[in-house]
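Structure at a glance
If you want the building blocks of each chain, they are given just below.
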Amino acid sequence: MSDATADVAVIGAGILGLATAMSIAQRHDGLRVVALEQESGVARHQTGNNSGVIHSGLYYRPGSEKARMAVSGAERMYAFCAEHGIGAERCGKVVVATDASELERMQELHRRGDANGVPDIREIGPDELRELEPYAAGIRALQIPSTGIADYRGVAERYRELLEAAGGEVRLRSRVGAIRSDPDGVQLATTTGTVQARYAVNCAGLQADRLARRAGAAAARDLRIVPFRGEYYDLVPSARGMLRNLIYPVPDPQFPFLGVHFTRRLDGSVEAGPNAVLALKREGYRWRDVSLRDTAESLTWPGFLRLAQSHWRTGLGEVWRSVNKAAFVSALRRLMPDLADAQLVRGGAGVRAQALRRDGSLADDFEIVHQDRLIHILNAPSPGATASLVIGEEIASVAYGAWFERAGGQGG
Ligand SMILES: Cc1cc2nc3c(=O)[nH]c(=O)nc-3n(C[C@H](O)[C@H](O)[C@H](O)COP(=O)(O)OP(=O)(O)OC[C@H]3O[C@@H](n4cnc5c(N)ncnc54)[C@H](O)[C@@H]3O)c2cc1C
């Protein structure tokens with residue numbers, strides 16, 4: 001145990017904590033920046049278990065932070081990966097309408113993408129779809145050439161190296177417990193000692209709302225992170241050739257994160273999924289990972305009860321697909337009818353930190369709030385990894401740059 005002081009403490013070494021810490025250290029010379037991470041390595045939760053897609057910005061409401069940050073973030077991510085020799089590929093994807101009822105939504109998606117500035121989206125017919133993805137079935141599709149794939153663990157590791165090169169530090173196995181914020185600074189009690197910082201940024205992902213409440217942030221009272229696990233199947237090696245790049249369904253606008261898709265990874269493997277089921281533990285990657293506290297908090301949250309009341313059918317369908325492979329495969333066959341059960345084996349899982357408001361609505365956009373000398377990232381769903389460089393830079397220089405200038409100056 002050793003106590004420490006820092007100018008800026010960042011809680012969490014996922015892709016957003018690291019991007020933020022790196023950006024602050026690079027932009028504000030001489031600031032002592034420390035990232036505090038509970039695990040024994042970086043990127044162990046959402047960052048290390050996501051779909052690995054560089055999102056183009058197609059789905060998001062025009063004018064939203066997600067739209068703006070995905071479009072600019074994707075280009076920044078490609079450039080970063082190229083500069084640092086990290087795996088990434090601008091391979092493009094297709095969003096496939098499988099029947100006439102999806103056409104209008106698909107066209108609305110096209111309009112959204114255009115409004116968001118996503119380049120070169122094209123609507124294509126079944127023949128062209130077959131040329132791009134011979135095993136995909138659809139009556140029409142959108143082709144989005146700017147979507148791609150990246151090695152986000154590799155990106156996070158490089159952010160860490162760049163943070164350290166700029167004089168910063170990552171303290172592993174440092175779980176932040178109590179937080180005390182006063183006009184002079186922020187005191188963080190961690191499992192490796194107390195850190196006294198001038199400013200702190202809460203990038204704790206699945207735990208971000210709890211830490212914010214512990215610090216007394218009013219914005220966290222009406223919002224709870226409810227963990228939704230996304231489970232994947234993998235295509236067996238002999239079936240990998242059935243996919244060239246990425247195949248997505250037309251999303252349901254009410255639940256844009258639902259809808260299983262096919263993703264080629266950089267190593268040539270293919271993932272199919274994810275579904276979305278309530279995780280019984282915030283870091284619960286399997287049904288048998290259970291925390292009574294986490295489950296009780298989700299089930300007693302008025303927002304969750306409201307969501308469950310209105311959408312129990314959708315929720316049960318997701319649970320059914322989780323426990324029944326045939327149901328999961330049948331959802332996948334809508335996009336790829338020739339797929340056989342035997343061509344899929346259970347793969348990994350990721351848990352999404354989805355912020356749910358008291359009234360039952362899902363917090364849709366990125367949500368970054370401040371309280372005294374603390375900044376909290378309270379909602380950072382997909383495309384958070386794509387947008388990580390932009391989010392980190394905006395916190396470091398645009399939104400809160402003046403804070404950190406002061407911290408580097410006369411001790412304010
Ligand atoms: C299944 C899934 C698929 C996704 N697919 C994509 C995709 O294809 N493309 C994309 O752009 N985005 C995707 N996302 C979203 C993206 O992964 C997230 O937006 C991003 O990883 C969030 O990063 P983070 O740093 O906020 O969270 P995390 O990566 O979860 O990091 C939070 C960190 O905080 C640490 N922590 C928590 N509590 C404490 C504490 N008390 N003290 C110290 N440390 C603590 C955790 O250990 C963790 O390392 C996906 C997410 C999921 C779950």
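Note that the structure is a prediction, hence the values are computed from the model and not measured. (Residues numbered from 1 in each chain as written. Predicted model: local features only at pLDDT ≥ 70, side-chain atom pairs only at ≥ 80, totals over all residues.)

Side note on the overall build of the protein
Heads up, the rule is: Helical segments are the DSSP runs of H or I of at least four residues, strand segments are the runs of E of at least two, and each set is numbered from the N terminus. Note on contacts: residues are paired as contacts if their backbone-placed C-beta atoms lie within 7 Å.
Along the protein, the regular secondary structure elements total eleven helices and 20 strands. Taking the principal axes of the C-alpha coordinates as reference, the protein spans close to 65 × 45 × 35 Å. A fraction of 75% describes how many contacts in the protein between residues 6 or more apart in sequence connect residues 24 or more apart.

Re the pairing of strand β2 (residues 33-36)
Threshold: Here exposure depends only on C-beta density: within 10 Å of a residue's C-beta, 20 or more other C-beta atoms make it buried, 12 or fewer make it exposed, and intermediate numbers make it partly exposed, the C-beta atoms being placed from the backbone. Whether two strands pair depends on DSSP finding at least two bridges between them. Looking down the strands as they point away from the viewer, one classifies a crossover as right-handed if the path from the first strand across the helix to the second runs clockwise.
Neither face of β2 is exposed, since Val33 and Ala35 on one face and Val34 and Leu36 on the opposite face are all buried. As paired elements, strand β1 (residues 4-11) and β2 share four bridges and run parallel to each other. Each bridged residue has a counterpart across the sheet, and for Val8 the counterpart in β2 is Val33. On the question of chirality, the crossover connecting β1 to the parallel β2 by way of helix α1 (residues 15-27) is right-handed. Where β2 lies against strand β9 (residues 169-171), three bridges are found, and the strand directions are parallel.

Brief notes about the site of the ligand
Applied cut-off: What makes a residue near a molecule or strand is its C-beta atom, placed from the backbone, lying within 6 Å of it. Residues are grouped as follows: Ala, Val, Leu, Ile, Met, Phe, Trp, Tyr, Cys and Pro are nonpolar; Asp, Glu, Lys and Arg are charged; all remaining types, including Gly, are polar. Note that domain bounds follow an automatic or database assignment of domains.
What surrounds the ligand is a group of 41 residues, the closest being Gly12, Gly14, Gly205, Gly350 and Gly384. Listed by contribution, the elements that provide at least two residues to the shell around the ligand are α1 and β18 (344-357). Split by residue class, the shell around the ligand holds 18 nonpolar, 18 polar and five charged. Taken domain by domain, the shell around the ligand gets at least three of its residues from each of domain 1 (4-47 + 153-221 + 365-408) and domain 2 (223-357).

A look at the packing of α1 against helix α10 (residues 388-399)
Angle between the axes and distance between the axes are the two parameters that describe a pair of packed helices. Here is the rule: Only the stretch in contact is used when a helix axis is fitted, and all axes are lines through C-alpha atoms; the angle between N-to-C directions ranges over 0 to 180 degrees. Orientation is classified from the angle alone, with under 35 degrees giving roughly parallel, over 145 giving roughly antiparallel, 65 to 115 giving roughly perpendicular, and any other angle giving oblique. Definitions for this section: a left-handed crossing has its near helix turned counterclockwise from the far helix by less than a right angle. A right-handed crossing has that turn clockwise.
For the pair α1 and α10, the least separation of the axes is 8 Å and the interaxial angle reads 45°. Taken together, α1 and α10 sit at an angle that is classed as oblique. Of the two elements, α1 crosses α10, and the hand of that crossing is right-handed. Across from Ile15, Leu16, Ala19, Thr20, Met22, Ser23, Ile24 and Arg27 in α1, the residues of α10 making contact are Ser388, Leu389, Ile391, Gly392, Glu393, Ile395, Ala396 and Ser397. Looking at the contact of α1 with α10, its residues break down into nine nonpolar, five polar and two charged.

Overview of the sheet that holds strand β3 (residues 53-54)
Across the sheet, three strands lie side by side as β3-β8-β4; this open sheet has antiparallel pairing. Either end of the sheet is taken by a strand with one partner, and the two such strands are β3 and β4 (88-89). The pairing of β3 with strand β8 (residues 148-150) spans two bridges and is antiparallel. Within β8, the position partnered with Val53 by the bridge is Ile149.

Observations concerning the nonpolar core
As a reminder of what qualifies: The term nonpolar core refers to a group of buried residues, namely Ala, Val, Leu, Ile, Met, Phe, Trp, Tyr and Cys, whose C-beta atoms join them within 7 Å.
Among the nonpolar cores identified, the biggest contains 124 residues, and Val8, Ala9, Val10, Leu18, Val33 and Val95 are the most heavily contacted of them. Split by domain, this core shows at least three residues from each of two domains, domain 1 (4-47 + 153-221 + 365-408) and domain 2 (223-357). Residues within four places of Leu18 in sequence aside, it is in contact with Ala13, Ala35, Val42, Ala156, Tyr159, Arg160 and Leu163.

Let's talk about the domain arrangement of the protein
Domain annotation for the protein reports domain 1 (4-47 + 153-221 + 365-408) and domain 2 (223-357). In this assembly, 13 residues from domain 1 lie in contact with 13 residues from domain 2. Its residues placed into classes, the side of domain 1 that touches domain 2 shows five nonpolar, six polar and two charged.

Examining the environment of Arg293
Mapped onto the elements, Arg293 comes out in helix α7 (residues 292-299). Residue classification places Arg293 among the exposed residues on the basis of 9 C-beta atoms within 10 Å. Along the chain, Arg293 and Arg282 lie eleven residues apart, while their C-alpha atoms are 9.7 Å from each other.

So, the environment of Leu258
Relative to the helices and strands, Leu258 is located in the loop between β14 (246-249) and β15 (261-264). In this structure Leu258 comes out as partly exposed when scored by C-beta crowding, with 19 C-beta atoms within 10 Å. A sequence separation of 77 residues divides Leu258 from Ser181, and the C-alpha atoms of the two residues are 38 Å apart. Filtering out sequence-adjacent residues up to four positions away, Leu258 remains in contact with Asp252 and Ala276.

Examining helix α3 (residues 103-116)
As a reminder of what qualifies: Expected helix span is given by 1.5 Å per residue-to-residue step, counting one fewer step than there are residues. The directions from the helix axis to the C-beta atoms form the arc being described.
Here α3 is 14 residues long and its end C-alpha atoms lie 20 Å apart, about the 20 Å a rise of 1.5 Å per residue gives. Three or more residues of α3 are buried, namely Met106, Leu109, Gly113 and Asn116. Relative to the axis of α3, the buried residues are bounded by an arc of 85° and lie together on one face. In α3, the exposed positions that point more than 90 degrees away from the buried face belong to Glu104, Glu108 and Arg111. On the buried face of α3, the contacting elements are α2 (65-84), β5 (93-97) and β7 (140-144). Once α3 finishes, Gly117 follows within two positions and takes phi at roughly 85°, a positive value.

What to know about the packing of α2 against α10
It is at 7 Å that the axes of α2 and α10 come closest, and there the two elements cross at 105°. Judged by the angle between their axes, α2 and α10 are roughly perpendicular. Facing Met69, Ser72, Gly73, Arg76, Met77 and Phe80 of α2, the residues of α10 in contact are Ser388, Leu389, Val390 and Ile391. For the contact of α2 with α10, the residue count by class is six nonpolar, three polar and one charged.

Quick notes on the pairing of β1
Taken residue by residue, a regular strand's side chains alternate between the two faces of the sheet. Among the eight residues that make up β1, six are buried, leaving the element largely enclosed by the rest of the structure. Note: β1 against strand β12 (residues 193-202), seven bridges, orientation parallel. Bridging from a neighbouring strand, Val10 pairs with Val201 of β12.

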